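For reference, the chains in residue letters:
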Amino acid sequence: MLSLSNVHKRFRGVHATNGISFEVRSGEIVGLLGPNGAGKTTTLRCVCGILRHDEGSIHIDGLDVVTQEVEAKRLMAYIPEIPNPYEVLTVREHIKFVAMCYGTVDTFNARIDELLSRFELKEKEHELVATLSKGMKQKLAIACAFVHDARVFLCDEPMIGLDPQGQHELQSELLRLRSEGCAILVSTHLLDTAEKLCDRVVIMQKGRKLSEGTLKELQAHARMDNSSLMDVFLHLTREAEA
Ligand code: ATP
């Protein structure tokens, strides 16, 4: 459903994404892990089109994200690490605006009340986005990801800033999407959550892919049977650093 092949992205002197290749299949949640500055956000931004990669290719359901950009974007939803919503709109207007961009106002009408309740935005629906707390802006960004029928979800640190209720709701939502055959890529530093939620993980370090697989496969790679994802992650990244 989502495939990256030898993706490179450079910022002047920094090779932020250095030859990254992996896939996320339909019905799968893949965790994108790595220390600060590893290149996770850059990778996600290249997939969703905020950044243009310098080399390599990225496909969503066979569509090239550069040459078939609009068709590919219809299939994906992006939840950014730091939401940057339009502050002069109300919450309801904002979600409607996003639905209009995707040409799914009918879906908006059918889903808006349920989305507002599920992400605890109902009380704020007529408030300006500028007045929302950080966590509420994150919930708004998540609600906006559900206004069109995306098949590929790209989530950059989606739990940060969410209260426990919001985290629970989002995790349930991701599991539901997986059961419906969506492909989900989640960047996170919460390794306990990743261990429970993800079918596989990709570990990045300094722009490169360090390891990839199920927890069992990573344990075998690290020769650390029965260890937690946290312990395996720390071992592999420290070993690579040394
Ligand atoms: P974190 O876990 O801290 O969010 P990350 O794995 O998401 O980190 P990126 O944000 O992708 O890492 O950054 C990878 C590298 O690219 C870092 O060295 C960063 O400083 C650099 N970088 C990212 N965006 C830019 C930019 N717009 N201009 C210059 N350098 C950038």
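Our structure's up above, just so we're on the same page.
Our subject in this report is the structure included herewith. Note that the structure is a prediction, hence the values are computed from the model and not measured.

### Focus: the side chain of lysine 40
On the secondary structure map, lysine 40 appears in helix H1 (residues 40–48). One buried charged residue, lysine 40, remains without a salt bridge, the closest side chain of opposite sign being glutamate 157 at 5.8 Å. At 3.1 Å, the side chain of lysine 40 forms a polar contact with the backbone oxygen of proline 35.

### Regarding unusual backbone geometry
Even without being glycine, glutamate 157 reaches a positive phi, approximately 50 degrees. By secondary structure assignment, the location of glutamate 157 is in the loop between strand E7 (152–156) and helix H6 (164–179). Exposure remark for glutamate 157: the relative accessible area of 5% places this residue in the buried category. Positive phi outside glycine occurs at asparagine 226, with the angle close to 65 degrees. Among the structural elements, asparagine 226 can be located in the loop between helix H8 (215–222) and helix H9 (229–241). You can call asparagine 226 exposed: its relative accessible area is 74%.

### What to know about the site of the ligand
Near the ligand lie 13 residues; those nearest to it are Gly37, Lys40, Thr41, Thr42 and His189. At 2.9 Å from an oxygen atom of the ligand is found a side-chain nitrogen or oxygen belonging to asparagine 36. Protein contact buries 63% of the 640 Å² of open area that the ligand shows by itself. Counting residues per element, the ones that place at least two in the shell around the ligand are strand E2 (14–24) and H1. With 3 residues, H1 is the single largest residue contributor to the shell around the ligand. Taken together, the residues of the shell around the ligand sort by class into 5 nonpolar, 6 polar and 2 charged.

About the thresholds
- Residue indices follow the written sequence of each chain, beginning from 1 at its first position.
- Local features in this predicted model are restricted to residues of pLDDT 70 or higher, and side-chain atom pairs are both shown and tallied only at a pLDDT of 80 or more, whereas totals for entire chains, interfaces and linings draw on every residue.
- Calculated side-chain values reflect all of the structure's heavy atoms, with hydrogen atoms and water omitted.
- Helix and strand definitions follow DSSP, with helices as H or I runs of at least four residues and strands as E runs of at least two, each counted in order from the N terminus.
- Only protein chains enter the accessibility calculation, which uses a 1.4 Å probe; a residue whose area is less than 20% of its type maximum is buried, one above 50% is exposed, and one in between is partly exposed.
- Asp and Glu are treated as the negative residues and Lys and Arg as the positive ones, with His and the ends of the chain left uncounted.
- One speaks of a salt bridge when a side-chain nitrogen belonging to Lys or Arg is within 4 Å of a carboxyl oxygen belonging to Asp or Glu.
- What qualifies as a polar contact is a pair of N or O atoms within 3.5 Å, subject to a donor-acceptor requirement within protein and to the restriction that residues adjacent in sequence count only when both atoms come from side chains.
- Any residue with a heavy atom positioned within 4 Å of a molecule or strand is treated as near that molecule or strand.
- In short, Shrake-Rupley with a 1.4 Å probe defines the accessible areas, and a residue's cover is counted only from the protein chains shown.
- Classes in brief: Ala, Val, Leu, Ile, Met, Phe, Trp, Tyr, Cys and Pro nonpolar; Asp, Glu, Lys and Arg charged; the others, Gly included, polar.

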